[in-house]
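Overview (structure and organization)
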Amino acid sequence: MTRIALGVQYIGTAWNGYQKQPSRDTVQDKLEIALEKFACTPIATACAGRTDAGVHAIEQVVHFDTELDRPPQSWVRGTNAFLPDSIVVRWAHAVAPDAEGQDFHARFSARSRTYRYVLYNHPNPSALLAGRAGWVFRPLDVERMQEAARHLIGTHDFSSFRASGCQANSPIKQMHEVNIVRQGDVIVFTVRASAFLHHMVRNIVGSLIYVGTGRNEPGWMAEVLAARSRDAAAPTFMPDGLYLATIDYDPKWGLPQEATPPFFL
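Residues numbered from 1 in each chain as written. Predicted model: local features only at pLDDT ≥ 70, side-chain atom pairs only at ≥ 80, totals over all residues. Heavy atoms only, no water.

1. Structural notes on the pattern of salt bridges
This structure, assessed with the given rule, holds nine salt bridges. Across the pair D52 and R202 runs a salt bridge, and its minimum N-O distance is 3.6 Å. Note that D52 is positioned in the loop between strand 2 (46-47) and strand 3 (56-66) and R202 in helix 4 (residues 200-212), a separation of 150 residues in sequence. By relative accessible area, R202 is classed as buried at 11%. Residue R228 pairs with D157 through a salt bridge whose shortest N-O separation is 3.9 Å. Of this pair, R228 sits in the loop between helix 5 (220-227) and strand 10 (242-248) while D157 is found in strand 7 (residues 154-157), placing the two residues 71 residues apart along the sequence. Taking relative accessible area as the criterion, R228 reaches 55% and is therefore assigned exposed. (Salt bridge = Lys/Arg side-chain N within 4 Å of Asp/Glu carboxyl O. Helix = DSSP H or I, 4+ residues; strand = E, 2+ residues; numbered from the N terminus. Buried < 20%, exposed > 50% of the residue type's maximum accessible area, 1.4 Å probe, protein only.)

What follows is the structure in structure tokens.
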């Protein structure tokens, strides 16, 4: 058996999240259907992180095991031939066990994950960014949001930003980075952590927006974090602008990941 890793990019607007469902209208469903058509045998995949309905991925990483002996580019082109335009396999790589005999795993081998949230901040919405970016019509103060975000850095209990249906074993995560940059009318939030709780990024962005509009002071973010209660934070923000950006792995796995994000990020 050979373990193959894939870098998968998708626009999630038309799909009911990543994880497969009986309706078969998810990214995983479409990917596994395409793999089966190409390989002429069922193939089960595991991913680095599940995304919700309407959420996109710049580079989701998945893996599967197969007895087929095909070159990486064959997996890329062959699978893409059976995928819709909004889902694309960008690269494939055969991953051998490491020096200690440990197998690569898309989820459990990940050292950290990075999400980006793209927000359009303008009095009127943009038709060109519909489904691809969130929208806030009130002016946002980036410096205030940056000050608030500093309270999130470090290892904390993120229960205040956790969805009620979250199945994670622990709410304690290590936040490595929260970066906020304005580019004209577009604000990009970059959030990197060891792992994320369900809705965690969207709940953080919603709370930062409360600070950016002046509704709450930057220090309020520390109070929300300390409360360890979902009721303390802002409502879950829209999924439209959320992108699973990159998954960080040890270089020993040799994955051909793409370091440069798309031009709009």
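2. Let's talk about the UniProt feature "domain: Pseudouridine synthase I TruA alpha/beta" (unreviewed entry) in the chain
Mapped onto this numbering, the UniProt entry annotates "domain: Pseudouridine synthase I TruA alpha/beta" (unreviewed entry) at residues 9-96 and 148-250. Each end of residues 9-96 is marked by a C-alpha atom, and these two atoms are 23 Å apart; helix forms 25% of the span and strand 26%. Taken end to end, residues 148-250 is 22% helix and 30% strand, and its two terminal C-alpha atoms sit 31 Å from one another. (UniProt positions renumbered as here; feature names shortened; annotations may be inferred.)

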